[in-house]
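# Breakdown of the fold
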Amino acid sequence: MSVNNIKRCIKCVLPETFPNISFDDKGVCYFCQEFINSEPIVIEQKRIKELMDSEIEKSRGKGEYDCIVAFSGGKDSTYTLMHLVQNYGLNCLAVTIDNDFISEQAMKNCYAVTEALGVDFLLFKPSSTFMRDMYKTSVVTGGIQSNSAIKRVSAICNSCINLINNYMIKLALLHGAPIVAGGYIGGQLPKNASMINLNLIQREQIKKPLLEKYKSLFGATSTKFFFIHEDLINNYGKSTITIINPMLTVSLSEEEIISAVGKLGWIKPHDTGSNSSNCRLNDLGIAIHHKKHNFHPYEFEVSEQVRYGLMSRDEALRKVTNVPGFSELGYQMEKIGLLSTNI
Amino acid sequence: MLTKVQEIKEQVQSFLTRQFLFEFDEREITPSTDLFLSGIIDSFGSVELVTFIETKFKIKLSDEDFLSGSLKSLNSIVKLIEEKTINVS
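Residues numbered from 1 in each chain as written. Chains lettered and ligands numbered in written order. Predicted model: local features only at pLDDT ≥ 70, side-chain atom pairs only at ≥ 80, totals over all residues. Heavy atoms only, no water.

### Quick notes on the environment of A:Gly63
Let me state the cut-off plainly: For the purposes of this entry, the term helix denotes a DSSP run of H or I that reaches at least four residues, the term strand denotes a run of E that reaches at least two, and both are numbered from the N terminus. Note on definitions: a residue-residue contact is assigned when non-hydrogen atoms from the two residues lie within 4.5 Å.
Locating A:Gly63 in the fold gives a position in the loop between α2 (41–59) and β1 (67–70). Once you skip the residues sitting within four places of it in the chain, A:Gly63 turns out to touch A:His175 and A:Gly176.

This is how it looks when you write it as C-alpha cells:
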C-alpha cells in the first residue's frame, strides 16, 4: 500500500497500519480520543515543570556536576542544554556519543554551542567496529526491540538510544551528578517520562533479560555499553537518579527551537535527512522500519506534536510520507555492511 | 456481572495488550508470564505501566512493589491492585 493511500486519523496523522490502532465513526484515532479527555496540555506542562523545578533545586550543588546532559548536537538536545544552563544556571556536563554517523556540521555545532555556553564537553566514541556490528545486528535480527518501542523508534535508533542512556547514567554515577537530562520531545517518550526518579537497582533488574540478549547478539564487550556494575551503584550513595526531559515542559515549534539555538552558533546540517539534525544513519533506520512495519517510525512523535499544536497536520503529513528510498542510502548500508538481502 | 477482581483484570489486560502489542494465550504468554523477563516490557514500558496503575486505580506504588516482583505478570499486578484498593477503601 502506498504511503499516500493509507487511511489516517483525521486529527493527527496516525495511519491504519499503526499497531493496535482504532478509529471512531468520524475517523478520529484512539489516541486523539484519549487526548481530548486528558489533562489540558498547559496544566500538564505546568504540573511537570513544578515537579522538575523542585527536583532541580534539591539537587543543585550536590555533585561535581548538577546534571549530565545527553547532548547529540541536534536541535532539541542543544535547546535542552541551553535551557538548563541559561534559565536554571545548572553546572552541566554536555556529553556527545560519536556513533560514527554524526554529521560534520553537527560536530561543529557541538563545539560551537558548548563554547558559547561555557560548559564542559565530553566526546565519547565507542569502537566503530562495535557500533557498526550493533546496527547491522539490530536490523538483521528481530526481537531486540520491545513491542512498545516499535511504535516510537526504529531498531537502529533503539539500540543506539539504549547505549546512550546507559552511558549517561554511568557518567552521572561516576561524577556524583544527581540529574541526567535528555532532549526528548512529546511522542518520543511515554507520557509521564518527562521526569522519572529512576530506581537504579530496579532498572538493572528490568534490563537483565535485555542484557542477556545483547550479550548473545552483540558480544561480551556489549556489557560495558549496556550494563552498570553494582559497585558503581553502591558507591553513588543513593538508590535513585533523576531523569528529566525539559523539552516536555516548553511549547515550542521546530522553527522556534532552531531560531533559539541559532543564537549560539548552531547551524542546521543538510546531510541528516528530514527527521534528524545530527545523525546521518537516521534515514536508513526509517526506511527499514517502514519496510518492515508499514509505518514511519516518526508517526507517533509528529502526531503528538500535532495534538499539542506545535506542528501543523500538513507538515506532519509531509514528514511521514517522505520515506527515504534505499537507493539514496548506499553509503550508510555499505558502512554497516548491510546488503539489500538483509532487509 | 463482573466481580471487582474481574473488572480490574479486564482493565489491566486491555491496557497491557494495547500498549505492549501482544495477546495472552494459553501457551506462550499466559496471565502468569513474567512480562519483563519475556522482553515485552522494557524500562520505558515500566514507566507507562506504573503511570497507568497509579492513575487508573488511584493508588501509589512503592519501589518495594517493583522489587518484590508484584508488577511482573498480569496475575501479580491484579493481586497488587486488589490489595491496595481494598486497603484504601
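Structure's up, so let's keep going.
### Some remarks on the pairing of strand β3 (residues 120–124) of chain A
Residues and elements named next belong to chain A. For clarity, the threshold we go by: Strand pairing is assigned whenever DSSP detects at least two bridges linking the two strands. By the criterion used throughout, a crossover qualifies as right-handed when its path from the first strand across the helix to the second strand runs clockwise, the strands pointing away from the viewer.
Of the strand pairs in this sheet, strand β2 (residues 92–97) and β3 are connected by five bridges, and their pairing is parallel. Each bridged residue has a counterpart across the sheet, and for Val95 the counterpart in β3 is Leu122. Since β2 and β3 lie parallel, the crossover through helix α4 (residues 104–117) that links them has a hand, and here it is right-handed.

### Looking at the interface of chain B and chain A
Rule in force here: The term buried area means the drop in 1.4 Å probe accessible area that two parts suffer when joined, counted for both and summed. By salt bridge we mean one thing: a side-chain nitrogen of Lys or Arg within 4 Å of a carboxyl oxygen of Asp or Glu. Definition of a polar contact: a pair of N or O atoms within 3.5 Å, with one able to donate and the other able to accept a hydrogen when the atoms are protein atoms, and with sequence-neighbouring residues admitted only if both atoms are side-chain atoms. When residues are grouped by polarity, Ala, Val, Leu, Ile, Met, Phe, Trp, Tyr, Cys and Pro land in nonpolar, Asp, Glu, Lys and Arg in charged, and all others, Gly among them, in polar.
With 21 residues of chain B at the contact, the number on the chain A side is 23 residues. Here chain B and chain A share an interface that buries about 2100 Å² over both sides, 58% of which is from carbon and sulfur atoms. Area buried by chain B at its contact with chain A is led by B:Arg18, B:Leu21 and B:Phe44, which between them contribute 33% of it. At the junction of chain B and chain A, the tally comes to one salt bridge. Summed over the shared surface of chain B and chain A, the result is four residue pairs in polar contact (both at pLDDT 80 or more). Elements represented by at least two residues in the side of chain B that touches chain A include exactly α1 (4–20), α2 (43–57) and α3 (63–67) of chain B. Of the residues belonging to the side of chain B that touches chain A, the class tally is eleven nonpolar, six polar and four charged.

### Quick notes on helix α5 (residues 128–140) of chain A
Going by this rule: A helix is expected to span 1.5 Å multiplied by its residue count minus one.
Here α5(A) contains 13 residues, and its C-alpha end-to-end distance of 18 Å stays within 8% of the 18 Å for a straight helix at 1.5 Å per residue. Structurally, α5(A) contributes buried residues whose contacts are with α7 (155–175), α8 (200–218), α9 (223–226) and α12 (282–293) of chain A.

### Digging into the domain arrangement of chain A
Residues and elements named next belong to chain A. Keep this limit in mind: As annotated, the domain borders come from an automatic or database domain assignment.
For chain A, the assigned domains are domain 1 (1–38 + 305–328) and domain 2 (42–297). Contacts between domain 1 and domain 2 engage 17 residues on the former and 22 residues on the latter. In total, about 1700 Å² of surface goes out of reach between domain 1 and domain 2, with carbon and sulfur atoms giving 60% of it. On the domain 1 side of the interface with domain 2, the three residues burying the most area are Leu310, Lys319 and Phe326, jointly 30% of the side's total.

### Thoughts on the sheet that holds β2(A)
All names here are of chain A. Put simply, the test is: Throughout, an axis means a line fitted to C-alpha atoms (over the contacting stretch in the case of helices), and angles, computed between N-to-C directions, take values from 0 to 180 degrees.
Read from one edge to the other, the open sheet built from six strands follows the order β3-β2-β1-β4-β6-β5, with strand pairing classed as mixed. The strands lining the two open edges of the sheet, one partner per strand, are β3 and β5 (195–199). Across the sheet, the axes of successive neighbouring strands diverge by a mean angle of 25°, strand direction being ignored. Against the sheet, α2 engages β4 (179–181), β5 and β6 (240–244), with an angle of about 50° to β5.

### Details of the pairing of β6(A)
Residues and elements named next belong to chain A. We count it as follows: Each residue gets one of three labels from its accessible area relative to the maximum for its type: buried under 20%, exposed over 50%, partly exposed in between, using a 1.4 Å probe on protein chains only.
Most of β6 is tucked away, with four of its five residues classed as buried. Where β4 lies against β6, three bridges are found, and the strand directions are parallel. The residue of β6 that forms the bridge with Val180 is Ile243.

### Details of the packing of helix α3 (residues 75–87) of chain A against helix α11 (residues 254–262) of chain A
Residues and elements named next belong to chain A. For the record, the criterion: Any angle between 65 and 115 degrees counts as roughly perpendicular, while under 35 counts as roughly parallel, over 145 as roughly antiparallel, and the rest as oblique. The crossing is said to be left-handed when, going from far helix to near helix, the turn is anticlockwise and less than a right angle, and right-handed when the turn is clockwise.
It is the contact of α3 with α11, at a shortest axis distance of 9 Å, that shows an interaxial angle of 60°. On the basis of the axis angle, α3 is oblique to α11. When the axes of α3 and α11 are compared, the crossing they make is left-handed. Of the residues in α11, those touching α3 at Lys75, Asp76, Thr78, Tyr79 and Met82 are Glu254, Ile257, Ile258, Ala260 and Val261. Residue classes in the contact of α3 with α11 are distributed as six nonpolar, one polar and three charged.

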